[in-house]
Amino acid sequence: MLEILVTTGHKMAGELDYNTLLGLHTRGLVFLEVPVDDHDRVAVPPLEGFVMNRVTGDYFETLLYKIFVTIDEHTTIADLAAVLQTDLESVKHAVSVYCRLGFAKKKNVELDVDDVRWHLSWISRVVHRRSGSTKAETQDVQPAASTKRVAFLFDSTLTAFLMMGNLSMGLKTHAVTMFEVGKLTEESMEKFLAELDRLEGELEGDAQRYFEHAIILRDTLLFLRYNPQLAAIVDPSAAELAASGAPARPIALDLLRCESISTLDPETCFRVLNKNYHMIVSMAPFAKEVRSIRGCVPQHIGPPIPEMGSVWFKLWLYGCAGSGPPTLLLPMGARLCELPALMQPFDRVLITTWDHEPTVSSLATMLPVVNDQLCGSPVLVQAYNEQTEIAYVPFPLGPEGESGSDLPAGSSARLAAALALIQKVTALAAKRGLLPLSQHPSVLALSKHIDLAHACGYISMLKLGNSSDTSIALDAETLPDGSELPASLTHIGFFHPAHATDWVVLDLAFGIPLFDAIINAEVCRRMAVHNLFAKDALQAQMQSNRQLALELLGFINRHIAGGLLPLLDATAATLYPTQIVTYPAHLADL
């Protein structure tokens, strides 16, 4: 056989004896390649045993990851090269490497047992494999009537929770795929949901937090896959079946990692998303270092522009709401010689370096901590207290969403009982003269600048006042089954009209929250009640998002030297402040 290969050069493996070829390959005497044609289609199953040490600046490795996040079972290799605007031969070579390593498989490629070219040893193996396989194992997944899908955008924090929790080996395999490939497609969704369904039991510490994220993710995916309004957009035939009383058919849903899709240049990112997806729905919140996608095509249910995750957005919010904690934004290189006057009434401060998560520090250690961080980044300092409470206001907001107990599909009986308890607590609050935070003057002021009726997410409210009548004592309440009260019920806040200033706006996040089961269920319920996926609602949201983006970018321009932020440059990072900015503005005296 070696003599044949030396004489003729490349030869199809199926033309040679299987066992002899395997022996030569085991000894390293032959090298195998997987031929890839222009019209081939490739599937990427969940990764098994995948390890890659990334090399910064390696062109071929960069191409491999670009192909990972853009490839799908319905796109030919030639179309993939066109979308990436990359040399076709380079794409073929990269896909061949994936196939040879077992990370990808060519679709609908079977050995024709009637072809006389193939060696008998290969034909016998194919016949044996076919006879021992079931129909379910050999049948290809049929694409939906529409090739476009819905994408759920997540960040690496979610994959870290799924991997670090040691929840199950099967779930860890899917988490590795979500991180390394950058997506998990509809073809793997049923197996992924089956792994999430198998999770059970109560854990402790951080492991319980990871477990809860996994369960909330499952409920969110079920809500999106079986949403009748989404089905009417993505797969009208499925919507017609559901309307006729037939069992609901899930819509095609992919999970996309935000960091992976952001590695593509803006033009390529637009082509990939517009080619494959009707709509994109984001999780909330994204990590501060993650920049969300930019653009309104396809429709995005999430932050309209990446600057929504910056500290500039917080300052803009406080100005619109007329409410916020005392805040000081310091440019990189500034120095504090004494405690700012606006922070002295408080015993804690919230310190946020640029593109990082906030940390709580005592007032006594504020100066050295802030001055050290100012050496490499702008710093946002905000007033905080040891006994500070944080509550969340889910939106969409509107009179039709303020009452009701219908949970989204897939929600647990425990959440249904908790939601019923929320209704009970709200009624009790009304008897005491307390109002829900959704009716707080700051929230009502925000609704004049942000279309909270056609977007989803939550507003974080911070209680800095000392009045004792702004919340309901929930500790005495228990669920009907006798289990412990969900901790997230303490995030449902109320206020007395006479003490409305005790609560201030802290932040706002667009998207479906995954950090809290009650808030997640309430956001999904409100999305259904407000018909957020209806065409008129989507059109209203697109227009309001454009206006919101322009207002925020204009605000940033006014607070940097010379207005340098390029409004139309999608690649520009959010610029650092060049001067001290405070809220409230009249407390600028340090």
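Residues numbered from 1 in each chain as written. Predicted model: local features only at pLDDT ≥ 70, side-chain atom pairs only at ≥ 80, totals over all residues. Heavy atoms only, no water.

Another aspect to go through is helix α9 (residues 169-180). Along its 12 residues, α9 runs 16 Å from first to last C-alpha, staying within 8% of the 16 Å computed at 1.5 Å per residue. Among the residues of α9, those classed as buried are L171, T173, H174, A175, T177, M178 and E180. Buried residues along α9 sit in contact with α3 (59-70), β3 (149-154), α8 (156-164), β4 (183-184), α10 (189-197) and β5 (253-257). Positive backbone phi, at 95 degrees, marks G182, one or two positions downstream of α9. (Helix = DSSP H or I, 4+ residues; strand = E, 2+ residues; numbered from the N terminus. Expected span 1.5 Å × (residues − 1). Buried < 20%, exposed > 50% of the residue type's maximum accessible area, 1.4 Å probe, protein only. Contact = heavy atoms within 4.5 Å.)

Now for helix α5 (residues 88-101). Along its 14 residues, α5 runs 20 Å from first to last C-alpha, staying within 8% of the 20 Å computed at 1.5 Å per residue. Looking at the buried residues of α5, the elements they touch are β1 (42-43), α3, α4 (77-84) and β2 (105-106). Within two residues after α5, G102 carries a phi angle of roughly 85 degrees, on the positive side.

This part takes up the sheet that holds strand β14 (residues 457-463). Pairing in this open sheet of 3 strands is antiparallel, and the strands run β12-β14-β16 from one edge to the other. Each edge of the open sheet carries a strand with a single partner, namely β12 (389-395) and β16 (503-510). Taking each pair of neighbouring strands and ignoring which way they run, the sheet shows an average axis angle of 25 degrees. By the bridge criterion, 7 bridges tie β14 to β16 in an arrangement that is antiparallel. Note on β16: the bridge partner recorded for K463 is W503. Here helix α20 (residues 517-529) sits on the sheet and contacts β12 and β14; the angle it forms with β12, its principal contact strand, is near 25 degrees. (Pairing = 2+ DSSP bridges. Axes fitted to C-alpha atoms, helices over the stretch in contact; angles between N-to-C directions.)

Working note: a packed helix pair is described by the angle between its axes plus the distance between those axes. Orientation of α4 relative to helix α15 (residues 266-276), taken along the N-to-C sense of each, is 135 degrees, at an axis distance of 8 Å. When the axis of α4 is compared with that of α15, the two are oblique. Contacts between α4 and α15 involve A82, V83 and L84 on the former and, on the latter, T268, R271, V272 and K275. The residue inventory of the contact of α4 with α15, partitioned by class, reads 4 nonpolar, 1 polar and 2 charged. (Parallel < 35°, antiparallel > 145°, perpendicular 65-115°, else oblique. Nonpolar A, V, L, I, M, F, W, Y, C, P; charged D, E, K, R; others polar.)

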